[in-house]
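Okay, here's what each chain looks like letter by letter:
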Amino acid sequence: MRTPAHRPAGIVTRSIASGVDVAVVLMIMAAIYVSLAFARLMFSPQDFTWPDAGAVMSTSIFLVVSVLYLTACWAVSGRTVGAVMMGLRLVTRDGELVGWPRALLRAVLCVMFAVGLFWVVIDANRYSLQDIVLRTTVVYDWQPEPHPQP
């Protein structure tokens, strides 16, 4: 059992990384919208109208894209685009990558219960509620390669 060799990340760094990740998700959503509009234009140019992006549909797509984005990034490298920019990595308490099931569960918890991330301010170990439940931690890690899982 190995302990992480890096310091746990604080709320400011995590918040900046999260802001970048929200911007990435919004760009992905914009690309999806433009792709749908382009497909609609190609198949029916005479009757083309811009797709209606209602609030419920937009919110649902935002939630799904966010969970998929976070899950894939955390499971593959422990890093999202925001985490790369801020030098952060999500790891287990042993310093290993979290794996797909835990990454998916953490992504769902982070997206649906984002306020739990602010527990970092109160916790002496800088754990969010999601970190406590799933036994993960976000650490400062500027190394480009992920920690291999045994």
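Note: the structure precedes this text.
Residues numbered from 1 in each chain as written. Predicted model: local features only at pLDDT ≥ 70, side-chain atom pairs only at ≥ 80, totals over all residues. Heavy atoms only, no water.

Caption draft 1: Inspection of the side chain of D131 at higher detail. One can find D131 in helix α5 (residues 129-134). With near-sequence residues (within four places) excluded, D131 lies in contact with R14, L90, R93, R106, R126, T136, T137 and V138. (Helix = DSSP H or I, 4+ residues; strand = E, 2+ residues; numbered from the N terminus. Contact = heavy atoms within 4.5 Å.)

Caption draft 2: A nonpolar patch on the surface, seen in detail. Together, L104, V108, M112, F113, V115 and F118 make up an exposed nonpolar region whose accessible area comes to about 580 Å². With respect to the helices and strands, M112 occurs in helix α4 (residues 100-112). (Patch = residues over 30% accessible without salt bridge, like charges linked within 9 Å, V, L, I, M, F, W, Y side chains within 5 Å. Areas by Shrake-Rupley, 256 points an atom, 1.4 Å probe, with all protein chains shown as cover. Salt bridge = Lys/Arg side-chain N within 4 Å of Asp/Glu carboxyl O.)

Caption draft 3: Highlighting unusual backbone geometry. Phi is positive for R126, which is not a glycine, with a value near 60°. Along the chain, R126 turns up in the loop between α4 and α5. Owing to a relative accessible area of 31%, R126 belongs among the partly exposed residues under this scheme. Of note in this structure, R135 is not a glycine but carries a positive phi near 55°. (Buried < 20%, exposed > 50% of the residue type's maximum accessible area, 1.4 Å probe, protein only.)

Caption draft 4: Region of interest: the nonpolar core. One finds Y69, L70, W74 and L88 to be the most contacted residues of the largest nonpolar core, which totals 22 residues. Listed by contribution, the elements that provide at least two residues to this core are α1 (11-43), α2 (55-76), β1 (88-92), α4 and β2 (136-140). The element best represented in this core is α2, accounting for seven residues. Apart from residues no more than four positions distant in its own chain, Y69 is found in contact with D21, V24, V25, I28, T80, V81 and G82. (Core = buried A, V, L, I, M, F, W, Y, C linked by side-chain atoms within 4.5 Å.)

Caption draft 5: Looking closely at the packing of aromatic side chains. This model, assessed by the stated rule, comprises two aromatic pairs. Both rings, one in Y33 and one in W50, keep their centres 6.2 Å apart while their planes meet at 10°; by these two values the pair is stacked. With Y33 in helix α1 and W50 in the loop between α1 and α2, this pair connects stretches of sequence that are 17 residues apart. Assessed through its relative accessible area of 55%, W50 is described here as exposed. Here the aromatic rings of F48 and W50 are separated by 5.4 Å at their centres, their planes lie at 70°, and the arrangement is edge-to-face. Chaining the aromatic ring pairs together yields one cluster made of Y33, F48 and W50. Stacked on the ring of Y127, the Lys or Arg R93 has its end atom at 3.8 Å from the ring centre. Over the face of the ring belonging to W74 we find R106, whose NZ or CZ atom lies 4.8 Å from the ring centre. (Phe/Tyr/Trp six-rings, centres within 6.5 Å; stacked < 30°, edge-to-face > 60°. Lys NZ or Arg CZ within 6 Å of the ring centre and 35° of its normal.)

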